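# Inside the fold
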Amino acid sequence: MRIFINNANSYVGKTLCADLQKVFDQENRILGTLTPGAEADAELNELMGVKRIVSRADKQKYTASILSCSLVVYDLHSADVDDVEYVIKELKVAELEHNITFVLISSAMVWANTRKQYVPLESPGDEDNLEPDPDALEDVEVKKRPKELTDADLERRVPAAAYEAWKYLETLTLSLGSKAKLRPHVIGAGILYGNGETTFNELFKAAWLTQPIHKIIAPGDNYIPCVHVRDVARLTRVVASDDTTSPYLVAVDHSRLTQADIVQGIIDQISHKREVPICPAEEVESEFKEVMSLDIILEPSEPLKDPQFSWWCRDGIIANIEKVAAEFCKWRNLRPIKMVVIGPPGCGAERLCVRVADRYLHEEPPHLTYEQIIQDACSAPTKAARKLNKKVKKLALTPGKKLPLKLRTKLVQNRLLSNVCRYRGYILEGYPTTFAEAEALFMEKVREEGDEEEAEVEAEDGEDEGDDGQEEEEEEEEEPPPQEEPEEEEEQRPKWKVAESLVPEYGVLIRSAEARCKARIFDGEAKGPASEEDFVRTSEEYRNANLAEDGTPSTAEFFSEQCGLQMLPIDIDACTEEEAFQAIKVHMESKGQFFNYLRSEEDLVREEQEHLAQIEEQDDALKMREQEEHAKKEAALRQKLANEEETRRKVIARNEAGHLEQEAQPLRQYLMAHVVPTLTAGLTEVCKEQPEDPIEFLAQYLFAHAQEVQSVDLAE
């Protein structure tokens, strides 16, 4: 059987390829197109099972390839509307040589604006058959929900504005029913989820990254019909093999989830459990804002009600949230990075752990220490936390005293089983410190019949831990399972296995001389015991547990022997911190690259270069400002000096003028007394006579009156 799948590399297309490889219990030949801009990839095509990629460039060959197939599937979520319209019209006018089933996968958004009727939220069948009190009902607000719509309401459907073209293509597809040898079907799919997500991708991504950015569009009680993308593909397979199915099929699961149910359920599974805020629509920015505001309940069509239908997620996304979350991580290549780092006190493990956490575990990295886990457990607002806090304070009075092994194990296990650690991973620093602690933490009993009740009893006992005052004085009361037992007791001995959900994938063993560790602590280069006595005690405990010469198994040997984990040894005394970090990076990435929303090496180099360029730019700007300020200061100083010089010159000139004026006083008096009167009289005569030679006339006048000038003593 030949099958044509449009955009085989798309979200829905990949799922269709996987589910349609075998229909009618036979291998099928799949042809398909790629999304615009995508390039043919032989490895990907082989993985999807696509035998040949069809180009849209040559319309004649494109149409011929479609007409050569017995099943043709177009998904509107990734298809071009004009392309789909072209194919439908070609099918309508073509002369078919064999039977063709044409399937158009549409969306529940085509029903978004359908006029709704409302019914009480609680079904009348769930109430007692008692007459309600009318007076009591007056004060009670009856909650309502939209009444179910079925495929029988097909003619009533009204799409959202952006999906008008989809409804047109649905109608165009159904009109092909009158053509011989052509069987058209429209699948009105609910909001798709699973296999890496599209619509809910931003919700899953933010939850995986523990980013508190989720918002519920008020009021949040709107119903969003959903369906797993694999169930749509399986319904397509049913349509291909059963020619009695209805032309229009509503594909939704059996859940009735509100927007708040979906958002809260995703967070509770993957991220820190918290209440998601309900915000007005204006405050929410999302590509799928319209989808998240959908309020409609659709009833699945008959094939989906058939008990023989092979459901993947019959009860919806939240009922199967663990499965859906695992799919999201698998399809997005999100791997939990679980690492344990052990070493002697003062080896500086915390510095390497911080760098690894910052590089691989994003913001708020789950970098854990035993002390932090105990502190967080004691600070919880519960009765058990208060009891634990009291116990820890009492044990702190005795150096070297520890909580019972069972309680230590339970506290660390609970933290490692938290949502963030399960999905993003953890870096556990400095714990376990002994083989016994490692075995208690990362080994679990093999469950057999009757063990569940016993496990529940143990859990209840664990919750009551600390009630008895004698337990506060307990030492390491729990021993690991005995290694050797008599043969007759072999069957009675409990079996143990590695706890796969807890065990780390990477391990680092840091080695350092005791003297260097001590120097790091007291030089402030590493964290460690506050006093020399505590350092000596903890160093001795580490030596006895991990460097014993009597054959006592070490913590690292547990990981290598029991877990098959190859520990990375690092002699921190013989290398720099940067060299140690690079060794850890190589060790981690030796098992393959992981996406984890991490920045690539190229991005990191580019960001580092941009950061350096920004620093250089800031330095240059600072230097420029300093030069400008220096130039302004120099200019101001020069102006000040110039002003002072100008003032000085004015003072000198004023003083010189006064001095000259004082020196000129006797001469002025002489002239005024003896010269000016005669000269003035002479000039007056010149004006009266107006001689032809005034100068000669004036000279003769002065000569004639020279005797009238009285001699004076200039000294006066």
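Before any of the text, the structure's been laid out above.
Worth saying up front: this structure is predicted, and the values here are computed from it rather than measured.

### Description of the overall build of the protein
Scanning the protein for helices and strands turns up 26 helices and 22 strands. Counting only residues that meet the buried cut, the protein has 40% of its 716 residues in that class. The long-range share in the protein, meaning contacts at least 24 apart out of those at least 6 apart in sequence, stands at 81%. Just so you have it, the protein exposes about 41,000 Å², and 50% of that area is on carbon and sulfur atoms.

### A closer look at the pattern of salt bridges
Using the criterion set out here, one finds 27 salt bridges in the structure. Of the charged contacts in the structure, one is a salt bridge between Glu 85 and Lys 89, with a shortest N-O distance of 2.9 Å. Of this pair, Glu 85 and Lys 89 both sit in helix H4 (residues 81-93), separated by four residues, roughly a single helical turn. For Glu 437, the salt bridge is made with Lys 402, and the minimal N-O distance between the two is 3.9 Å. One end of the pair, Glu 437, is in helix H18 (residues 435-442); the other, Lys 402, is in the loop between helix H15 (383-396) and helix H16 (405-416), and 35 residues separate them in sequence.

### Remarks on the pairing of strand S22 (residues 568-571)
Along S22, the buried face is formed by Leu 568 and Ile 570; none of Pro 569 and Asp 571, which line the opposite face, is buried. Pairing analysis gives four bridges linking strand S21 (residues 506-511) to S22, with the strands arranged parallel. Opposite Ile 510, over in S22, you have Ile 570 as the bridge partner.

### A short note on unusual backbone geometry
The residue after Ala 218, namely Pro 219, is reached through a cis peptide bond having omega 0°. Following Tyr 431, the chain continues to Pro 432 via a peptide bond in cis, the omega torsion being 0°. Secondary-structure assignment places Pro 432 in the loop between strand S18 (425-429) and H18. The phi dihedral of Asn 7 is positive, around 50°, even though this residue is not glycine. Inspection of the secondary structure puts Asn 7 in the loop between strand S1 (2-5) and helix H1 (11-20). Since its relative accessible area comes to 1%, Asn 7 is described here as buried. Not every positive phi belongs to a glycine, and Glu 197 is a case in point at roughly 70°. With respect to the helices and strands, Glu 197 occurs in the loop between strand S11 (191-193) and helix H7 (201-208). For Glu 197, a relative accessible area of 1% gives the class buried.

### Observations regarding the pairing of S18
For S18, the buried fraction is high: five of the five residues fall into the buried class. Of the two faces of S18, both are covered, the one formed by Gly 425, Ile 427 and Glu 429 as well as the one formed by Tyr 426 and Leu 428. In the sheet, strand S16 (residues 337-342) pairs with S18 via five bridges, with the strands oriented parallel. Note that in S18 the partner of Lys 338 across the bridge is Tyr 426. With three bridges connecting them, strand S17 (residues 367-369) and S18 associate as parallel partners. Note on S18: the bridge partner recorded for His 367 is Ile 427.

### Brief notes about the sheet that holds S18
Judged by pairing direction, the sheet is parallel, and its five strands sit side by side in the order S17-S18-S16-S21-S22 without closing on themselves. The outermost strands of the open sheet, each flanked by one partner alone, are S17 and S22. The average angle at which neighbouring strand axes cross in this sheet is 20°, direction not considered. Relative to the sheet, helix H13 (residues 349-360) contacts S16, S17, S18 and S21, its axis offset from that of S18 by approximately 170°.

### Examining the sheet that holds strand S6 (residues 71-75)
Across the sheet, seven strands lie side by side as S5-S4-S1-S6-S7-S10-S14; this open sheet has parallel pairing. Looking at which strands have only one partner, the edges of the open sheet turn out to be strand S5 (50-53) and strand S14 (248-251). Mean inter-strand twist for the sheet, computed between neighbouring axes without regard to direction, equals 20°. Note that S6 and strand S7 (residues 100-107) share five bridges and pair parallel. Bridge pairing in S7 places Asp 75 opposite Ile 105. Lying over the sheet, H1 contacts S1, strand S4 (29-32), S5, S6 and S7, oriented at roughly 165° with respect to S1. Helix H3 (residues 59-67) contacts S1, S4, S5, S6 and S7 of the sheet and is inclined by roughly 120° relative to S6.

### Some thoughts on a nonpolar patch on the surface
A contiguous nonpolar surface patch, about 620 Å² in accessible area, is contributed by Leu 667, Leu 671, Met 672, Val 675, Val 676, Leu 679, Leu 683 and Leu 702. Looking at which element gives the most residues to the nonpolar patch, the answer is helix H25 (residues 665-689), with seven residues. For Leu 683, the location among the structural elements is in helix H25. With a relative accessible area of 43%, Leu 683 lands in the partly exposed category.

Parameters and conventions
- Residues numbered from 1 in each chain as written.
- Predicted model: local features only at pLDDT ≥ 70, side-chain atom pairs only at ≥ 80, totals over all residues.
- Heavy atoms only, no water.
- Helix = DSSP H or I, 4+ residues; strand = E, 2+ residues; numbered from the N terminus.
- Buried < 20%, exposed > 50% of the residue type's maximum accessible area, 1.4 Å probe, protein only.
- Contact = heavy atoms within 4.5 Å.
- Areas by Shrake-Rupley, 256 points an atom, 1.4 Å probe, with all protein chains shown as cover.
- Salt bridge = Lys/Arg side-chain N within 4 Å of Asp/Glu carboxyl O.
- Pairing = 2+ DSSP bridges.
- Axes fitted to C-alpha atoms, helices over the stretch in contact; angles between N-to-C directions.
- Patch = residues over 30% accessible without salt bridge, like charges linked within 9 Å, V, L, I, M, F, W, Y side chains within 5 Å.

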